[in-house]
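A closer look at the structure
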Amino acid sequence: KFADKFPHRFYDVGIAEQHAVTFAAGLATQSLIPVVAIYSTFTQRAYDQIIHDVCLQKLPVVFALDRGGLVGEDGSTHHGVFDYSFLRSIPNMVVMAPKDENELQHMLKTAVQCLSPASVRYPRGNGVGTPLDDAPAALELGKGEILITGSDLAVFAIGSTVYPAMKAASALSQEGISITVINARFVKPLDEELFCATALSLKRVITIEENVLPGGFGSAVLELFERKGIRDVTVKRLGIRDEFVEHGTQQELRRLHGLDEEGIIEAARQMMHE
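Bear in mind the structure is a predicted one, so any value in this text is a computation, not a measurement.

The rules behind the values
- Residues numbered from 1 in each chain as written.
- Predicted model: local features only at pLDDT ≥ 70, side-chain atom pairs only at ≥ 80, totals over all residues.
- Heavy atoms only, no water.
- Helix = DSSP H or I, 4+ residues; strand = E, 2+ residues; numbered from the N terminus.
- Rg over C-alpha atoms; globule rule 2.2 N^0.38 Å.
- Buried < 20%, exposed > 50% of the residue type's maximum accessible area, 1.4 Å probe, protein only.
- Contact = heavy atoms within 4.5 Å.
- Areas by Shrake-Rupley, 256 points an atom, 1.4 Å probe, with all protein chains shown as cover.
- Phe/Tyr/Trp six-rings, centres within 6.5 Å; stacked < 30°, edge-to-face > 60°.
- Arc of directions from axis to C-beta.
- Expected span 1.5 Å × (residues − 1).

Let us look at the overall build of the protein. Regarding its fold elements, the protein presents 11 helices and 10 strands. For 274 residues, the compact-globule estimate of 2.2 N^0.38 gives 19 Å, and the protein sits close to it at 19 Å. Referenced to the eigenvectors of the C-alpha coordinate spread, the extents of the protein come out at roughly 60 × 40 × 40 Å. By residue count, 51% of the 274 residues in the protein fall in the buried class. Restricting the contact set of the protein to residue pairs at least 6 apart, pairs at least 24 apart contribute 80%. Accessible area of the protein: about 13000 Å², with a carbon and sulfur share of 52%.

Following the criterion strictly, the structure yields seven aromatic pairs and no others. Where Phe82 meets Phe244, the ring centres are 6.3 Å apart and the plane angle is 65°; that geometry is what we call edge-to-face. Taken together, the positions of Phe82 in the loop between strand 2 (62–66) and helix 5 (83–88) and Phe244 in the loop between strand 10 (234–240) and helix 10 (250–256) put the pair 162 residues apart, joining distant regions of the chain. Of the residues examined, Phe244 reaches a relative accessible area of 70% and is grouped as exposed. With centroids separated by 6.3 Å and ring planes inclined at 75°, the aromatic side chains of Phe195 and Phe217 adopt a geometry described as edge-to-face. Placement of Phe195 in helix 8 (residues 192–202) and of Phe217 in helix 9 (residues 217–227) is noted, with a sequence separation of 22 residues between them. Like Phe195, the residue Phe217 is buried in the burial classification.

Let us look at the environment of Val36. Examined against the element boundaries, Val36 turns out to sit in strand 1 (residues 35–39). Since its relative accessible area comes to 7%, Val36 is described here as buried. Discounting residues that sit within four places of it in the chain, Val36 has contacts with Ala20, Val21, Ala24, Val61, Val62, Phe63 and Ala64.

Taken together, the buried positions of helix 4 (residues 47–55) are Gln49, Ile50, Val54 and Cys55. Around the axis of helix 4, the buried residues are gathered within 140° of arc, so they sit on the same side. In this fold, the buried residues of helix 4 make contact with helix 2 (17–29), helix 3 (40–43), strand 2 and helix 5.

This next bit is on helix 2. What sets the pattern is the α-helix's 3.6 residues per turn: residues three or four places apart point alike. A rise of 1.5 Å per residue sets the reference length of helix 2, with its 13 residues, at 18 Å; its end C-alpha atoms lie 19 Å apart and thus fit the reference within 8%. Listing the buried residues of helix 2 in full gives Glu17, Ala20, Val21, Ala24, Ala25 and Ala28. Axial view of helix 2: buried residues confined to an arc of 135°, hence all on one face. Here the buried face of helix 2 lies against strand 1, helix 3, helix 4 and strand 2.

If you want it as structure tokens, here you go:
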């Protein structure tokens, strides 16, 4: 649709991901703001170009990463479970993930306006059915949102894990367990004030992400707590273990790795028991 409407603003470079990123960097040096749309898993092929051609020069290139997280029947080569880790380690990069299709349009607006390298990852499949606002509006960089307020423990969720976290909180309330659910929105920069205040208040935190645990969103939260000297908080990270994910449906794989509603419920129960 975009190519039909804006034929002179659309370039299909095939599967030449390294070229796509360097080409975008060149456009960005000429006062354009290019959007590079690549599957998360294939963005890995252009890692050198992201670092040297884009981020080192702090060029305003937007990375729209499709199939972020578990992709199901696309197979083990297509799971996009590394981008949080390999992008957040790069200076000047903003890393975002929306909870639904409405937040996605706002994050794209944010990425285009922030004048910095920025990534927005979104999952394979349909949106959750959230109505879209009439116009996209830029979000404040590094600001999350409290969706549910509870008194026993907090769940810091990012991207496609937010709605399962909300469902888990609703189910746990029937058991007398009161959960705070925070939509992080940003992997980098983190909402340091919100995360630290919540952790110090509740003392129990679960992080959840459709990304590998090494170097991911949960690791970023732990690094934040270390940097701020927060030591008396129990943290449990839910995500993909240090292994490759096999073939299976998204539902099967999320259940297998404890990233669905039941996985969050079980983690919360264990934390309360401990």
